[in-house]
Amino acid sequence: MTRRTSILLYGALCVILIFSMSPLAAFSKIALENARGGAGLSEPPATFLSTIMRSLRFTVLQSLASTALAVAIGLPGAWFAARFRFAGRKALLALAAVPFCFPPILVILAFILYYGREGLLSSILSLFFGPRKQYQGFLYSFWGLIMVHAFYNFPIAVHQISALWIRIPDTQMEAAKTLGAGKLRAFRTGTLPWLLPGIAQASGLIFLYCFFSFTTVLVFGGRAGATIEVEIYHALRYQSNYALALAFSVVETLCALLGILMLTRIQGRTRKSLRDFGRTRELASPKGIQLFFIIMYGIFIVLFFIGPLLSIVIEAFKVPSSMGGTTKFGFGNFTTLIRGFQAPLLGAILSTVRLSGLAAVLATVAGVIAGLALFFAEKANKNGVVPKLIEVLQWLPMAVSSAIFAYGWLFLSTDRVASIALVAAQAVIAWPFVSRALYASLRAIDPRVREAAKTLGASPFRAFMTVELRTILPSIAAAAAFAFSITAGDVNVPLMLGMGEVETLPLLLYRLTAAYRFNEACAAGLVLGLMTGLVFLLKEKVIDVA
Amino acid sequence: MMRTRQFIAIFLLVGGLFTANNPVWAQANAQPNPAGAELVIWTYDSFMSEWGPAGQIAEAFQKAYGAKLRFVSKGDGGALLSALLDGTKKPNADIIIGLDNRQLAKALQSGLFVPLSLKNLADVQKNLLLDPTNRLVPYDFGQFAFMWDSQSGVEPPRSLEDLTKPLYRKKIIIMDPRTSTPGLGFLAWTEAAYKEGWKNYWKRLSPSILAMTPSWDTGYGLFTKGEAPLALSYSIDPAYHKAYENTERYKALQFTDGHPMQIEFAGVLVSSPNRELAQKFVDFLLSAECQAFLPETQWMFPSNTKAKLPASFSVVSKYPALNAEVGDIDRDPSEAANILISSP
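Being a predicted model, the structure only gives us computed values, none of them experimental.

1. Thoughts on the overall build of chain B
Of regular secondary structure, chain B possesses 14 helices and 11 strands. A burial count over chain B gives 49% of its 344 residues as buried. Relative to all contacts within chain B whose residues are 6 or more apart in sequence, the contacts with residues 24 or more apart total 77%.

2. Description of the overall build of chain A
Each helix and strand counted, chain A has 24 helices and 2 strands in total. When the 546 residues of chain A are sorted by exposure, 50% land in the buried category.

3. Thoughts on the packing of helix H1 (residues 3–36) of chain A against helix H17 (residues 385–399) of chain A
All names here are of chain A. Contact pair H1 / H17: the axes reach a minimum separation of 11 Å and the direction vectors enclose 25 degrees. As judged from the angle between their axes, H1 and H17 are roughly parallel. The two elements H1 and H17 meet at a crossing, and its hand is left-handed. Here Leu-9, Leu-13, Ile-16, Leu-17 and Ser-20 of H1 come into contact with H17, specifically with Val-386, Leu-389, Ile-390, Leu-393 and Leu-396.

4. Details of the environment of Ala-477 of chain A
Along the chain, the position of Ala-477 of chain A falls in helix H21 (residues 460–489). Separated by 39 residues in sequence, Ala-477 of chain A and Leu-438 of chain A place their C-alpha atoms 9.8 Å apart.

5. Observations regarding helix H19 (residues 418–444) of chain A
Residues and elements named next belong to chain A. With 27 residues, H19 should cover 39 Å at 1.5 Å per step; its first-to-last C-alpha distance of 40 Å lies within 8% of that length. If you look at H19, its biggest bend is around 35 degrees, right at Ala-430, and the proline Pro-432 turns up within four residues after that. Burial analysis of H19 places 23 of its 27 residues in the buried class, which makes it a mostly covered element.

6. Thoughts on the domain arrangement of chain B
Residues and elements named next belong to chain B. Along its sequence, chain B is organised into domain 1 (32–141 + 262–313) and domain 2 (142–261 + 316–342). Computed from C-alpha atoms alone, the centre-to-centre distance between domain 1 and domain 2 is 26 Å. Contacts between the two partners involve 18 residues from domain 1, matched on the other side by 24 residues from domain 2. Here the element with the most residues in the side of domain 1 that touches domain 2 is helix H5 (residues 77–85); it accounts for 3 residues. The residue makeup of the side of domain 1 that touches domain 2, split by class, is 7 nonpolar, 5 polar and 6 charged.

7. Some remarks on the environment of Val-137 of chain B
With respect to the secondary-structure elements, Val-137 of chain B resides in strand E4 (residues 136–149). Sequence spacing of Val-137 of chain B and Ile-57 of chain B is 80 residues, and the spatial spacing of their C-alpha atoms is 17 Å.

8. Considering the domain arrangement of chain A
All names here are of chain A. Domain parsing of chain A yields domain 1 (40–317) and domain 2 (334–546). Each side of the interface is counted separately: domain 1 has 29 residues, and domain 2 has 31 residues. Of all the secondary-structure elements, those providing two or more residues to the side of domain 1 that touches domain 2 are helix H4 (98–101), helix H5 (104–115), helix H12 (228–237), helix H13 (242–276) and helix H14 (288–316). Examining the composition of the side of domain 1 that touches domain 2, we find that 7 residues originate from one element, H13, more than from any other. Per-class residue counts for the side of domain 1 that touches domain 2 are 22 nonpolar, 3 polar and 4 charged.

9. Section: the environment of Thr-256 of chain B
Residues and elements named next belong to chain B. When you line up the elements, Thr-256 lands in the loop between strand E8 (250–253) and strand E9 (259–268). According to the C-beta neighbour criterion, Thr-256 is exposed, with 11 such atoms within 10 Å. Distance in space between the C-alpha atoms of Thr-256 and Leu-286 is 33 Å, their sequence separation being 30 residues. In contact with Thr-256, not counting residues within four places along its chain, are Arg-158 and Ser-159.

10. Let's talk about the packing of helix H20 (residues 447–455) of chain A against H21 of chain A
Residue and element names in this part refer to chain A. Put simply, H20 and H21 touch, their axes get as near as 9 Å, and they point 140 degrees apart. Between H20 and H21, the crossing angle belongs to the class labelled oblique. Crossing of H20 against H21: the hand is right-handed. Counting all contacts with H20, which are made through Val-449, Arg-450, Ala-453 and Lys-454, the residues of H21 involved are Ala-463, Thr-466 and Val-467.

11. As for unusual backbone geometry
All names here are of chain B. Even without glycine at this site, Lys-170 takes up a positive phi of about 55 degrees. The residue Lys-170 is located in the loop between E4 and strand E5 (172–175) in this model. For Lys-170, a count of 18 C-beta atoms within 10 Å translates into the label partly exposed. Unusually for a residue other than glycine, Trp-299 sits at a positive phi of about 55 degrees. Following the sequence through the fold, Trp-299 ends up in the loop between helix H13 (295–298) and strand E10 (301–302). Since 23 C-beta atoms lie within 10 Å of it, Trp-299 is described here as buried.

12. Quick word on the pairing of E9 of chain B
All names here are of chain B. Along E9, 10 of the 10 residues are buried, which leaves the element largely enclosed by surrounding structure. In this structure, strand E3 (residues 95–100) lies alongside E9, joined through 5 bridges in antiparallel fashion. Bridge pairing links Ile-96 to Gly-267 in E9. Inspection of the sheet shows E4 paired to E9 by 7 bridges, in the antiparallel sense. What sits directly across from Asp-140, in E9, is Glu-264. In the sheet, E9 pairs with strand E11 (residues 321–322) via 2 bridges, with the strands oriented parallel. By the bridge assignment for E11, Pro-260 is matched with Leu-322.

13. What about the nonpolar core?
Ranked by internal contacts, the top residues of the largest apolar core, which has 221 residues, are Ala-373, Ala-406, Ala-430, Ala-483 and Ala-524 of chain A. The residues contacting Ala-483 of chain A, other than those within four sequence positions of it, are Ala-360, Ala-363, Thr-364, Ala-430, Phe-433 and Val-434 of chain A. If you look at the next biggest cluster of nonpolar residues, it comprises 48 residues, including Ala-93, Leu-136, Met-261 and Leu-277 of chain B.

14. What about the pairing of E4 of chain B?
All names here are of chain B. Across the 14 residues that make up E4, a large majority, 13, are buried. Pairing of E4 with E10 involves 2 bridges; the strand directions are antiparallel. Note that in E10 the partner of Asp-140 across the bridge is Pro-302. As paired strands, E4 and strand E7 (residues 230–234) are joined by 5 bridges and run antiparallel to one another. Residue pairing for E7: Ala-145 is matched across the bridge by Ser-233. Relative to E8, E4 runs antiparallel, the two being bridged by 4 bridges.

15. What about helix H11 (residues 275–286) of chain B?
Residues and elements named next belong to chain B. The first and last C-alpha atoms of H11 sit 17 Å apart over 12 residues, in line with the 16 Å expected at 1.5 Å per residue. Residues of H11 that are buried include every one of Leu-277, Ala-278, Phe-281, Val-282, Leu-285 and Leu-286, and no others. If you follow the buried residues of H11, they end up packed against strand E1 (38–43), helix H4 (54–65), E3, E4, E9 and helix H12 (288–291).

16. Observations concerning the confidence of the model for chain A
Residue and element names in this part refer to chain A. With 88% of its residues at a pLDDT of at least 70, chain A reaches an overall mean of 81. No element of chain A has a lower mean pLDDT than helix H6 (residues 120–129), at 70, and none a higher one than helix H2 (residues 45–83), at 90. Below a pLDDT of 50 lies the segment residues 541–546, which in the model reaches 12 contacts outside its immediate sequence neighbourhood of four places, other chains included.

So, how was this worked out
All residue numbers here refer to positions counted from 1 along the written sequence of the relevant chain. Both sets of labels track the order of writing: A upward for chains, 1 upward for ligands. Local features in this predicted model are restricted to residues of pLDDT 70 or higher, and side-chain atom pairs are both shown and tallied only at a pLDDT of 80 or more, whereas totals for entire chains, interfaces and linings draw on every residue. A run of H or I in DSSP becomes a helix once it reaches four residues, and a run of E becomes a strand once it reaches two; helices and strands are each numbered from the N terminus. Using C-beta atoms placed from the backbone, we call a residue buried if 20 or more other C-beta atoms fall within 10 Å of its own, exposed if 12 or fewer do, and partly exposed for counts in between. Here, residues touch in the contact sense if the C-beta positions derived from the backbone fall within 7 Å of one another. Axes here refer to lines fitted to C-alpha atoms; in helices the fit is confined to the stretch in contact. Angles between the N-to-C directions go from 0 to 180 degrees. An angle below 35 degrees is treated as roughly parallel, one above 145 as roughly antiparallel, one from 65 to 115 as roughly perpendicular, and anything else as oblique. By definition, any crossing whose near helix is turned counterclockwise from its far helix by less than a right angle is left-handed, and any crossing with a clockwise turn is right-handed. One less than the number of residues in a helix, times 1.5 Å, gives the span that helix is expected to have. Here the bend at each residue means the angle between axes fitted to two seven-residue stretches, the one ending at that residue and the one beginning there. Segmentation of the chain into domains, including their bounds, is taken from an automatic or database domain assignment. Throughout, the ten residues Ala, Val, Leu, Ile, Met, Phe, Trp, Tyr, Cys and Pro are labelled nonpolar, Asp, Glu, Lys and Arg are labelled charged, and all others, Gly among them, are labelled polar. Strands are treated as partners if at least two bridges between them are detected by DSSP. Buried Ala, Val, Leu, Ile, Met, Phe, Trp, Tyr and Cys residues whose C-beta atoms connect them within 7 Å together make up a nonpolar core. Per-residue confidence from the predictor is reported as pLDDT, a score between 0 and 100.

Next comes the structure, spelled out in structure tokens:
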């Protein structure tokens, strides 16, 4: 490693470190001052501890249950997608974009509309099974929460598990069968050992997402309990108790780090599984009973997952009558939002585009610096401290509550300006996605192309500009679009900050949903879905071009 | 490759534009009150929602005084008080609207409000003037009551005790006492009715509660969507259904325990650079003209005795009042909520 590159590397590392760590430090400082001032811990330590333990228990329990259900729903789909060729296979795999492109608040809205007492599903069911029985408010119970989590995250399981499964050949299983093993036993010895890391990896990821679940629990949780994330929100917004929020987030982060550590271990093992079998296998046409099961699965997914999402579109154009008349279809909900008092929709769209656009640009810059630094650092010294540190920093936003980042930046900004805190916090959350995408595409470049450029007389700088940069530019653009999609759909940070001054689209959506003004909420939700979804289409395009 | 470049160029251009000239930025960085042209009012969601009175009030005030109002919602009532008392953030507002009688003592203790001398105070119903220093003045009031869906086929309860009957299993919606003022009001109600035994009552009540919602909006929305036949709300709500839906399907229930009052207050902050104008606004808020906006937007009684009541209020009955306070406002709400969360 030359002197110049090492200086550059350490410079980049410092930038990333300051970017990620300064809000945490700022928050901790204020929280500890708060505690010392006696304002924080008015409760005796015993109740303090029991509050934390109770919410930790609930958080872990609901994450475990949600993960189990999500994987159970996803496994058949993963198997179908890995073994058979059928119409809708690509669509099934593409569903994995839903949890990333459609914010939870939108999916929550869809679920209430669809599964609620007056929802589409229960109306359809009542056609077949007569009038509804005693409604027990299933959605608002513990299992309702689990169901929402499971359906939101199952596409991740389908995508990740099938990506591995498609590479596992049947040879081992066949061998076991020839040796006299039954079907189940053959699967257990021939396929399962290679498949398990994939299942574990998907489970780990879904567990982490559910562990940090906030909006879903806030809306559906109520009586079932509160996740640590919701408790942090309560402590910040309703008690202004920063010390309590800090205590909660320390516990949360420790648990998440443990989870991430396990996840990275598993990832190492799936890479090994992938290396063992390089090629993907041929897909077969499903026959007889197989086709039947695929169709049943398709109906199940459409009925329980696509249905809710579609109902947003329908409800957005349904205009409820205020004077007991009939409902009409039209653009009434949109016009109310555009022309009504303080005209929330256009302002919300503009501020979302502005703030999230800015956050996405910041995240892209930080992500590119980090991704390049990681790549060069690894090239220079595989087992050095720098690449390890950057890798750890990439995980940080997944291990720390977004509330802490948001309040940290709030404390750092001189006038406590909420929009600065919002942009900075969202950028901190989004940059690892950029750096990971960039790093992956840098690693995918065949070193021989670069060598060829060099032998043809290009200087190292020129070689980098013509080979690497050209290859990674589309993936930077894609990652930037992705960063925008994440930040534009984020409702956690603005909710945590309690922003009254600037209303973003997800915030408007939350407010309308909370007020049970579903049709207007759907209209706003449709706009948000188009915005985050459109970015995703762009991203796909960019990938195709590349 | 060409298209990729175009895309990247557009992306960078758009990104650059955001950074260079960002109006949201400018707006957020601006001083809260440039040249006294605008008053900033902190309130809760439903006051400034499309159905709330904020729009009409702003228009009328601008006509009369030529000054603009900017309403900023802090979420629900609980978050409003918390935002106000947060020692690390200065409240950058002139006026607060929406603290209720149970939050009064805590709000006054903060010393954040200035005493007001208002001429319309003379017309305000005397029993509502809970703050003798007139730092926080009452602008409307109502009574808590349970609303009942008469088409649900469920027999209406007649007391708090009735709500604990197995007949009402998972049939009642209440609000979270930590976050919403009706939730806090219900806690006060149970503390007044059961004295030391209120925690025991909440334990017995627990099986009947379908949902404990973070705000009144959510809870009442659930109720009107038919998710439960009973919901904690206000005795005035039948007027709303009469005016908007011309139905008397939803009825307020009279309980033998009596009904606690909710009185809502407004005040001017010491830190306001426009105290004169802000005081004029609060006086305007109490005037008969402005008070006439409140009944059919806030769905509360106006505090000014000279304000006219709309026809829809004919379906509202006034119940025997119950004097109800929360014993320890810092601790009781979370204890009550925790009883519901940790039990089935």
